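# A look at the structure
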Amino acid sequence: MIESIVITVVVLFAALLIYAATRPDTFRVERSISIKVLPEKIFPLINDFHQWEPWSPWEKVDPAIKRSYSGAVSGEGAIYEWNGNKEIGRGRMEIIESSPRSKVLIQIDFIKPFEAHNTIEFTLVTHGDATMVTQAMYGHCPYISKLIGIFFSMDKMVGKKYEEGLANLKAISE
């Protein structure tokens, strides 16, 4: 009886590991919102890390977060580093591409609680008197992330924060 249980558990565990290996090697989380202002009003809030505190939901997770800024003041070459509690961790962002009023591309490097290197992309597209703002994060999905992804949805966790941040951006822009 115990032998059958052990064999069943081992087979199920092996099946879980095999299933994780079949999951995609990349991921993408994306959310959008329409904001009733032109991109000229929104773009500076994204293109300058100093302007993120009022709208980024991660800034509120740890009130004692330590921030540092270096490189360019805004746009390409601007760098933001943070060190916070276990929920926010430690990491670094650098704007690697900045196209006025239309796109900001950011290299994000998480150091703690886990190491990961991804890309964040903001795009702004004018539709009449409004701007469609899209925030996406994408990158490589290592095996451990594939395994964790079976139990926790990155799209739901990160996507919820993106929705909150975009809503904040809308509230301060309109």
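The written sequence of each chain sets the order in which its residues are numbered from 1. Local features in this predicted model are restricted to residues of pLDDT 70 or higher, and side-chain atom pairs are both shown and tallied only at a pLDDT of 80 or more, whereas totals for entire chains, interfaces and linings draw on every residue. For the side-chain quantities, the full set of heavy atoms in the structure was used; hydrogens and water were omitted.

Take the packing of helix 2 (residues 39-47) against helix 4 (residues 154-173) next. Each pair of packed helices can be described by the angle between their axes along with the distance between the axes. Axis definition: a line fit to C-alpha positions, over the contact stretch in the case of helices; interaxial angles, taken between N-to-C directions, run 0 to 180 degrees. Helix and strand definitions follow DSSP, with helices as H or I runs of at least four residues and strands as E runs of at least two, each counted in order from the N terminus. With their axes 10 Å apart at the nearest point, helix 2 and helix 4 run at an angle of 130 degrees to one another. Classified by the angle between their axes, helix 2 and helix 4 sit oblique to one another. Taken as a pair, helix 2 and helix 4 cross one another with a handedness that is right-handed. Counting all contacts with helix 2, which are made through Lys-41, Ile-42, Leu-45 and Ile-46, the residues of helix 4 involved are Leu-169, Ile-172 and Ser-173. Under this scheme an angle from 65 to 115 degrees is roughly perpendicular, one under 35 degrees roughly parallel, and one over 145 degrees roughly antiparallel; angles in between are oblique. Handedness of a helix crossing follows the sense of rotation of the near helix relative to the far helix, less than a right angle counterclockwise being left-handed and clockwise being right-handed. Whether two residues touch is decided by their heavy atoms; if any such pair falls within 4.5 Å, the residues are in contact.

Counting through the fold element by element, Val-133 comes out in strand 7 (residues 130-140). Buried, partly exposed and exposed residues are distinguished by accessible area as a fraction of the type maximum, computed with a 1.4 Å probe on protein chains only: under 20%, between the cut-offs, and over 50%, respectively. Looking at Val-133, the relative accessible area reads 0%, which means it is buried. In the structure, Val-133 is positioned 10 residues away from Tyr-143 in sequence and 31 Å away in space, judged by C-alpha atoms. Here Val-133 is in contact with Arg-31, Ser-32, Ile-33, Ile-35, Ile-42, Ile-46, Thr-123, Leu-124, Leu-166 and Leu-169, once residues within four sequence places are set aside.

Quick look at the pattern of salt bridges now. Salt-bridge detection follows one rule: a side-chain nitrogen of Lys or Arg within 4 Å of a carboxyl oxygen of Asp or Glu. Using the criterion set out here, one finds 11 salt bridges in the structure. When the shortest N-O distance is used, the salt bridge between Glu-163 and Arg-31 registers 2.8 Å. Residue Glu-163 is found in helix 4, and its partner Arg-31 is found in strand 1 (residues 26-35); the two are separated by 132 residues along the sequence. Note that Glu-53 is salt-bridged to Arg-67, the shortest N-O span being 3.5 Å. Here Arg-67 lies in strand 2 (residues 66-71) and Glu-53 lies in the loop between helix 2 and strand 2, a separation of 14 residues in the sequence. A relative accessible area of 41% places Glu-53 in the partly exposed class. Put simply, Arg-28, Glu-30, Glu-97, Lys-103 and Glu-121 are held in one network by salt bridges that share partners.

Patches were defined on residues exceeding 30% relative accessible area and lacking a salt bridge, with like-charge contacts within 9 Å and nonpolar side-chain contacts (Val, Leu, Ile, Met, Phe, Trp, Tyr) within 5 Å. All accessible-area figures derive from a Shrake-Rupley calculation using a 1.4 Å probe, and residue coverage is judged against the displayed protein chains alone. The grouping of Ile-144, Ile-148, Phe-151, Phe-152, Met-154 and Met-157 at the surface amounts to a nonpolar patch, some 640 Å² of accessible area in total. Listed by contribution, the elements that provide at least two residues to the nonpolar patch are helix 3 (143-149) and helix 4. Along the chain, the position of Ile-148 falls in helix 3. Overall, Ile-148 belongs to the partly exposed group, its relative accessible area being 44%.

With that settled, consider the nonpolar core. As a rule of thumb, nonpolar side chains are buried together in soluble globular proteins. Among buried residues, those of type Ala, Val, Leu, Ile, Met, Phe, Trp, Tyr and Cys that are joined through side-chain atoms within 4.5 Å constitute a nonpolar core. With 34 residues, the main nonpolar core has Ile-46, Met-93, Ile-106, Val-133 and Leu-169 as its most contacted residues. Listing elements by their share of this core, those giving two or more residues are strand 1, helix 2, strand 3 (78-83), strand 4 (90-99), strand 5 (103-112), strand 6 (116-127), strand 7 and helix 4. Leaving out residues up to four positions away in the same chain, Met-93 has contacts with Phe-49, Trp-52, Ala-78, Ile-79, Tyr-80, Trp-82, Ile-106, Gln-107, Ile-108 and Ile-120.

Pairing of aromatic rings covers Phe, Tyr and the six-membered ring of Trp, with a centre-to-centre limit of 6.5 Å; geometry is then stacked below 30 degrees between planes, edge-to-face above 60, and tilted otherwise. Under the criterion given, the structure shown has 10 aromatic pairs. Members of the aromatic cluster, connected to one another through ring pairs, are Phe-49, Trp-52, Trp-55, Tyr-69, Tyr-80, Trp-82, Phe-110, Phe-114 and Phe-122.

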